[in-house]
Amino acid sequence: MAMVKLTVRRPMVRALSLMTLAAVPLILLGTGANVFWLAAAAFAAGMAAEFFTVVWSTVCHLHIPERLLSRVGAYDEFGSFASIPLGQLSVPFLAAAFGTATVAVAGGALLAVAMLLPLLLPSLRRIEVTPAPRAAADGG
């Protein structure tokens, strides 16, 4: 609900930067943190994910022609979820080889890097979202 009134000048930079919070629960899990800190980190990661989802959806609808939205969405979903089975299948073997704590911390670090890598693209960093002009019915 806060996103309705919030205007962020360069939203993708903030959204991807905040998504690094998704790495914190994994890192805490690997370091043996107690359940309170894990829950707090998971809550913060969830808030960051929701912020990212709103920003990503808004950016897509503003910058992608309507006729291409379904195709771009399909590629986005494929790229976002295609690697999940590979990760799920490899974790038991990696944990057996390196230990569960090491795999959790390394996975968290890898996740944080994956969220920051797109920020190397200047075109992505420059994306702006400007508020829509007020309609004549609003008196503006």
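These numbers were taken from a predicted model, which means no experiment stands behind them. (Residues numbered from 1 in each chain as written. Predicted model: local features only at pLDDT ≥ 70, side-chain atom pairs only at ≥ 80, totals over all residues. Heavy atoms only, no water.)

Participant: Just checking my understanding: could you explain the environment of G87 for this structure?
Facilitator: Inspection of the secondary structure assignment puts G87 in helix α6 (residues 84-98). Considering only alpha carbons, one finds G87 and G107, 20 residues apart in sequence, at a separation of 9.7 Å. (Helix = DSSP H or I, 4+ residues; strand = E, 2+ residues; numbered from the N terminus.)

Participant: Would you explain the layout of surface pockets in this entry?
Facilitator: Empty space among the atoms becomes visible once a probe the size of a water molecule is rolled across them. Here the largest pocket is characterised by a volume of approximately 1,200 Å³. Forming the walls of the largest pocket are 34 residues, and the residues nearest its centre are S80, S83, L111, A114 and M115. Breaking the lining of the largest pocket down by element, the ones donating at least two residues are α2 (11-18), α4 (35-63), α5 (69-81), α6 and α7 (100-116). Broken down by element, the residue count for the lining of the largest pocket peaks at eight residues, all from α7. Residue composition of the lining of the largest pocket, grouped by class: 23 nonpolar, nine polar and two charged. (1 Å grid on protein atoms, 1.4 Å probe; cavity = no way out; pocket = protein on both sides within 12 Å on 5 of 7 lines; lining within 4 Å. Points joined across faces, edges and corners; volume = space filled by probe spheres on them. Nonpolar A, V, L, I, M, F, W, Y, C, P; charged D, E, K, R; others polar.)

Participant: Would you mind going over the packing of aromatic side chains with me for this structure?
Facilitator: Each aromatic ring pair is characterised by the separation of its centres together with the angle its planes make. Tallying each qualifying case throughout the model produces two aromatic pairs. Aromatic side chains F36 and W37 sit 5.1 Å apart centroid to centroid with 80° between the ring planes, which places their arrangement in the edge-to-face category. Given the relative accessible area of 55%, F36 is considered exposed. Ring geometry for F52 against W56: centres 6.1 Å apart, planes inclined by 10°, an arrangement best described as stacked. Placement of the pair is F52 and W56 together in helix α4, with a separation of four residues, close to one helical turn. Residue W56 is classed as partly exposed on the basis of its relative accessible area of 28%. (Phe/Tyr/Trp six-rings, centres within 6.5 Å; stacked < 30°, edge-to-face > 60°. Buried < 20%, exposed > 50% of the residue type's maximum accessible area, 1.4 Å probe, protein only.)

Limitation: the analysis is restricted to geometry and does not speak to function.
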